[in-house]
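Residue strings, one per chain:
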Amino acid sequence: LSDAVVIGASGGIGSAFVELLASRPGIGALLALARSPLGHGGHKVRTGTIDVTDEASVADAAARAERELADLRLVIVATGMLRGPGMPQPEKSWRHITPETLLELYRVNAVGPALVAKHFVPLLPRQGRVVFAALSARVGSIGDNSLGGWHGYRASKAALNMLIRNIAIELGRKNDEAVVVGLHPGTVDTELSRPFQGGVPESRLLAPRESASRLLATLDRLGGADSGGLFAHDGARLPY
Ligand SMILES: NC(=O)c1ccc[n+]([C@@H]2O[C@H](COP(=O)([O-])OP(=O)(O)OC[C@H]3O[C@@H](n4cnc5c(N)ncnc54)[C@H](OP(=O)(O)O)[C@@H]3O)[C@@H](O)[C@H]2O)c1
């Protein structure tokens, strides 16, 4: 049995990860962390709090994982933000760019997962397969960007993609079976995407459980040679 941590466990996709991982026979204990308390855990699941933009909070959560989990081999970061606080929609034009919004999106989408990596990656064993995965987004791919718009979200996810690649290289030197990847969950029916689902055909909108289940199946197929990549819910490797 091995243990897992899900960060952003209150989110649409994060909570689906918690449910699915808790039902996996190979998982011993699961630490589900969210910004606000989640209430009681349940079978295998322990709950706790984390604010990924506050390094002391991330360090406390990692110290707890170190104390309570015997064999941590999977860390999933499912936090994220699409538009700045109080913004009705993401910036469509450069006219809508504000320093406050750009910095807030960087803080949550890029700095947050980087702090989680700083404090949780050292807890992963140096031998055997270990996985650190962060929810990114296809729109963070520079190579794939033909539509423009969503300045802060795209730029902050592109920064996250670079951090993931960097962390993969650094960890790969210590453990060649380590898998450090970004994940694109598809367009998923959650609070984050709800205001923008109008233009998405129903057949393309995934339920959070379906997306999380596909992402776990994708992770199961990845090995050390895939580390540093960005992978979609259907298993495809996306360009950076
Ligand atoms: N839904 C989609 O179509 C879609 C598409 C591509 C990529 N993604 C990515 O998938 C990930 C999950 O998104 P989702 O759709 O599940 O959205 P969601 O339901 O809004 O979940 C986002 C989660 O992030 C948490 N969070 C935000 N700031 C945080 C902070 N400072 N510290 C700790 N937690 C924080 C939220 O916690 P609170 O509940 O405390 O706010 C929430 O649990 C995100 O990275 C998103 O960019 C989603």
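Everything here concerns the structure above.
Residues numbered from 1 in each chain as written. Predicted model: local features only at pLDDT ≥ 70, side-chain atom pairs only at ≥ 80, totals over all residues. Heavy atoms only, no water.

Trainee: How do you make sense of the environment of Gln 89 when you look at a structure like this?
Mentor: On the secondary structure map, Gln 89 appears in the loop between β4 (72-77) and α3 (99-120). It is 22 Å that separates the C-alpha atoms of Gln 89 and Gly 14, two residues lying 75 residues apart in sequence. Sequence-distant contacts of Gln 89, that is, excluding residues within four places in its chain, are made with Arg 83 and Phe 196. (Helix = DSSP H or I, 4+ residues; strand = E, 2+ residues; numbered from the N terminus. Contact = heavy atoms within 4.5 Å.)

Trainee: Please explain the site of the ligand as it appears in this structure.
Mentor: Near the ligand there are 26 residues, and of these Ser 10, Arg 35, Thr 79, Tyr 153 and Thr 190 occur at the shortest range. A distance of 2.9 Å separates a nitrogen atom of the ligand from a polar side-chain atom of Asp 51. Note that an oxygen atom of the ligand is positioned 2.8 Å from one of the side-chain N or O atoms of Lys 157. For the ligand, whose accessible area on its own is 890 Å², the fraction buried by protein is 88%. Of all the elements in the fold, those that place two or more residues in the shell around the ligand are α1 (12-22), α4 (151-172) and β7 (187-188). Counted by class, the shell around the ligand contains 11 nonpolar, 12 polar and 3 charged residues. (Near = heavy atom within 4 Å. Polar contact = N/O pair within 3.5 Å; in protein donor to acceptor, adjacent residues only side chain to side chain. Areas by Shrake-Rupley, 256 points an atom, 1.4 Å probe, with all protein chains shown as cover. Nonpolar A, V, L, I, M, F, W, Y, C, P; charged D, E, K, R; others polar.)

Trainee: In this structure, what is going on with the packing of α1 against helix α5 (residues 208-221)? I would like to understand it.
Mentor: It is the contact of α1 with α5, at a shortest axis distance of 8 Å, that shows an interaxial angle of 60 degrees. As judged from the angle between their axes, α1 and α5 are oblique. In this structure, α1 crosses over α5, and the sense of that crossing is right-handed. Facing α1, whose interface residues are Gly 12, Ile 13, Ala 16, Phe 17, Glu 19, Leu 20 and Leu 21, α5 presents Pro 208, Arg 209, Ala 212, Ser 213, Leu 215 and Leu 216. The residue makeup of the contact of α1 with α5, split by class, is 9 nonpolar, 2 polar and 2 charged. (Axes fitted to C-alpha atoms, helices over the stretch in contact; angles between N-to-C directions. Parallel < 35°, antiparallel > 145°, perpendicular 65-115°, else oblique. Left-handed = near helix turned anticlockwise from the far one by under 90°.)

Trainee: Looking at this structure, I do not really get the packing of aromatic side chains. What am I missing?
Mentor: The geometry of an aromatic ring pair is captured by two quantities: the separation of the ring centres and the angle between the planes. According to the stated counting rule, one finds 2 aromatic pairs in the structure shown. Ring geometry for Trp 150 and Phe 196: centres 5.7 Å apart, planes at 65 degrees, overall edge-to-face. On the criterion of sequence distance, the pair formed by Trp 150 in the loop between β5 (130-135) and α4 and Phe 196 in the loop between β7 and β8 (205-206) is long-range, its members being 46 residues apart. Classification of Trp 150 as partly exposed rests on a relative accessible area of 26%. Take Phe 196: its relative accessible area is 23%, and that puts it in the partly exposed class. Site record: aromatic cluster; members linked through ring pairs are Trp 150, Tyr 153 and Phe 196. (Phe/Tyr/Trp six-rings, centres within 6.5 Å; stacked < 30°, edge-to-face > 60°. Buried < 20%, exposed > 50% of the residue type's maximum accessible area, 1.4 Å probe, protein only.)

Trainee: What is the right way to look at the environment of Gly 11 in this model?
Mentor: When you line up the elements, Gly 11 lands in the loop between β1 (2-7) and α1. Spatially, the C-alpha atoms of Gly 11 and Ile 27 are 21 Å apart, while their sequence positions differ by 16 residues.

Trainee: What exactly am I supposed to notice about the sheet that holds strand β3 (residues 45-49) here?
Mentor: Taking strand neighbours across the sheet as the criterion, the 8 strands line up as β3-β2-β1-β4-β5-β6-β9-β10 in an open arrangement whose pairing is mixed. Two strands in the sheet have a free side with no partner beyond their single neighbour: β3 and β10 (237-238). When β1 meets strand β2 (residues 27-34), the two strands line up parallel, connected through 5 bridges. Note that in β2 the partner of Ile 7 across the bridge is Leu 33. Its contacts with the sheet place α4 against β5, β6 (178-184), β9 (230-232) and β10, and it is angled at close to 165 degrees to β6. Against the sheet, α5 touches β4, β5, β6 and β9, its axis set at about 150 degrees to β6. (Pairing = 2+ DSSP bridges.)

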